[in-house]
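# Descriptive structure summary
These are the residues of each chain, in order.
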Amino acid sequence: MPITETDTTVVLTHPENQKSTVTILKYGATVYSWKLDGKEQLWLSSAAKLDGSKPVRGGIPLVFPVFGKCTDSVNHPELSQLPQHGLARNSTWEFLGQTTESPLTVQFGLYPEIANSELTKIWNYDFELILSVELGVDYLKTAIEVTNPLKATRELSFNWLFHTYLHVEDVEDTMVANLAGSNTYDQLLQESYTEVQPVIGFHEELDRIYRNVNPERVIQVVDKGHPLHSVKRSNLPDAVVWNPWIEKSKGMGDFEPKDGYLKMVCVEPGHVHDFVTLKPGAKWEAFQLLYKDELNYQAL
Ligand code: BG6
């Protein structure tokens, strides 16, 4: 069976290769495992909660309608009351079933009627989210459609981000390529500058928002000179790069093992620098594609 559904999960198995699978938790519609020919591609904390008690630490949590914590309570009174990264990753989505057999694709939906009611009480907007998860023989595509329903009485403004935790062998041997020349906001230094380094290395906590990255750029995670992950983006101009390193990992109760930061890097395609704004009846679409490719430096 290419698709197996339980009360809490949906597993897709590629018809041509039984060792290529993707597992999605209905809570958060969180992809928490993607195996390519038997090899896990994503990082998942061994202490991640998969019981719906908190967002999953690892995999691909979904960030909507706000990235991080909104501090502008004057212009965004409702959004600023939402927890960090919004409400999509802490709501149980509806499994809508399979949409195509080849490529193998399933969809999940989220609407105010089923979203986390504590949070929709605070952020009381109409919205419709459809997540498509497509498992190719050599790729994983996650695509999102956000609609402001025709019946809505006001505009819908939001951020979107795929908070993708990629598995690496050793982050100290890992580089992220093809972001040079982009403007970045360093969330730790709280400063903006143009990235001049041809590749990004990891030697301490790193938390940066690369803004308006040329859509032609494929972000590549490179391990000792070999391309490990390639990330293509559509309609997602920004990319967050994050590694918590030692102290921040210690402070996260659901981050285990504590040296797990060595095995992960987050490359998070999103629309987070600005809000997307939709009039009633309007729709916005975007996707990320994770795949394998040759090393292709597109920097500068
Ligand atoms: C990243 C942010 O996207 O998510 C970081 O840039 C943040 O600042 C990280 O620490 C993890 O967030 P959370 O809410 O899952 O602990």
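Residues numbered from 1 in each chain as written. Predicted model: local features only at pLDDT ≥ 70, side-chain atom pairs only at ≥ 80, totals over all residues. Heavy atoms only, no water.

As annotated in an unreviewed UniProt entry, the protein carries the name Glucose-6-phosphate 1-epimerase and comes from Hanseniaspora osmophila. The record held by UniProt for the protein lists under Sequence similarities (unreviewed entry) the comment "Belongs to the glucose-6-phosphate 1-epimerase family." According to the UniProt record, the Catalytic activity (unreviewed entry) comment for the protein is "alpha-D-glucose 6-phosphate = beta-D-glucose 6-phosphate". (UniProt positions renumbered as here; feature names shortened; annotations may be inferred.)

### Details of the nonpolar core
Counting 73 residues, the largest nonpolar core has Phe-64, Trp-93, Phe-108, Leu-129, Ile-144, Trp-160 and Trp-284 as its most contacted members. By residue number, the principal contributor to this core is strand β21 (residues 264-278), which donates six residues. Non-local contacts of Trp-160, meaning those with residues more than four positions away in its chain, are made with Leu-62, Val-63, Phe-64, Trp-93, Leu-129, Ile-144, Leu-236, Gly-270, His-271, Val-272 and Trp-284. Residues Val-63, Leu-161, Ile-209 and Val-240 belong to the second largest nonpolar core, which totals six residues. (Core = buried A, V, L, I, M, F, W, Y, C linked by side-chain atoms within 4.5 Å. Buried < 20%, exposed > 50% of the residue type's maximum accessible area, 1.4 Å probe, protein only. Helix = DSSP H or I, 4+ residues; strand = E, 2+ residues; numbered from the N terminus. Contact = heavy atoms within 4.5 Å.)

### So, the side chain of Ser-20
Inspection of the secondary structure assignment puts Ser-20 in strand β3 (residues 17-25). On the basis of relative accessibility, which here comes to 1%, the residue Ser-20 falls in the buried class. Once you skip the residues sitting within four places of it in the chain, Ser-20 turns out to touch Leu-12, Thr-13, His-14, Lys-35, Leu-36, Asp-37, Leu-135 and Val-137.

### Some details on empty space enclosed by the protein
Counted according to the given criterion, the structure contains one cavity of 30 Å³ or more. Reported here for the largest cavity is a volume of approximately 30 Å³. As for the largest cavity, its lining consists of Trp-34, Gln-41, Leu-166, Leu-228, His-229, Ser-230, Val-231, Leu-290, Tyr-291 and Lys-292. Sorting the residues of the lining of the largest cavity by element identifies β19 (226-234) and β22 (283-291) as the ones contributing at least two each. Per element, the largest residue contribution to the lining of the largest cavity is four residues, and it comes from β19. Grouping the constituent residues of the lining of the largest cavity by class yields six nonpolar, three polar and one charged. (1 Å grid on protein atoms, 1.4 Å probe; cavity = no way out; pocket = protein on both sides within 12 Å on 5 of 7 lines; lining within 4 Å. Points joined across faces, edges and corners; volume = space filled by probe spheres on them. Nonpolar A, V, L, I, M, F, W, Y, C, P; charged D, E, K, R; others polar.)

### Overview of the pattern of salt bridges
Scanning the model with the defined rule gives 17 salt bridges in all. Among the salt bridges present, the one from Lys-283 reaches Glu-145, with a minimum N-O distance of 3.6 Å. Here Lys-283 is found in strand β22, whereas its partner Glu-145 is found in strand β10 (residues 139-147), with 138 residues between them in sequence. Look at Glu-145 and you get partly exposed, because its relative accessible area is 23%. Here Asp-223 and Lys-224 are joined by a salt bridge, their closest N and O atoms 3.7 Å apart. Through salt bridges that share partners, Lys-39, Glu-169 and Lys-263 make up one connected network. (Salt bridge = Lys/Arg side-chain N within 4 Å of Asp/Glu carboxyl O.)

### As for the packing of aromatic side chains
Each aromatic ring pair is described using two quantities: the centre-to-centre distance and the angle formed by the ring planes. Under the counting rule described, the total for this entry stands at 13 aromatic pairs. Aromatic side chains Tyr-165 and Trp-242 sit 6.1 Å apart centroid to centroid with 80° between the ring planes, which places their arrangement in the edge-to-face category. Linking Tyr-165 in strand β12 (residues 165-167) with Trp-242 in strand β20 (residues 238-243), this pair joins segments that are 77 residues apart in sequence. With respect to burial, Tyr-165 and Trp-242 carry one shared label: buried. (Phe/Tyr/Trp six-rings, centres within 6.5 Å; stacked < 30°, edge-to-face > 60°.)

### Concerning the UniProt feature "binding site: substrate" (unreviewed entry) in the protein
If you check UniProt for "binding site: substrate" (unreviewed entry), the listed places come out as Arg-57, Gln-84 and Arg-89 in our numbering. Taken along the chain, the residues just named run across 33 residues; in space they keep tight, none of their C-alpha pairs more than 13.6 Å apart. In the annotated group above, the largest pocket draws its lining from Arg-57, Gln-84 and Arg-89. Looking at the secondary structure, you find Arg-57 in the loop between β5 (39-40) and β6 (62-63). The buried category is assigned to Arg-57, whose relative accessible area is 16%. Not counting residues up to four positions away in its chain, the partners in contact with Arg-57 are Trp-43, Leu-44, Ser-45, Ala-48, Tyr-165, Trp-242, Met-252, Asp-254 and Phe-255. Here Tyr-165 takes part through its side chain, which lies 3.0 Å from a polar atom of the side chain of Arg-57. Contacts of Gln-84, omitting those with residues within four sequence positions, involve Gly-68, Lys-69 and Arg-89. (Polar contact = N/O pair within 3.5 Å; in protein donor to acceptor, adjacent residues only side chain to side chain.)

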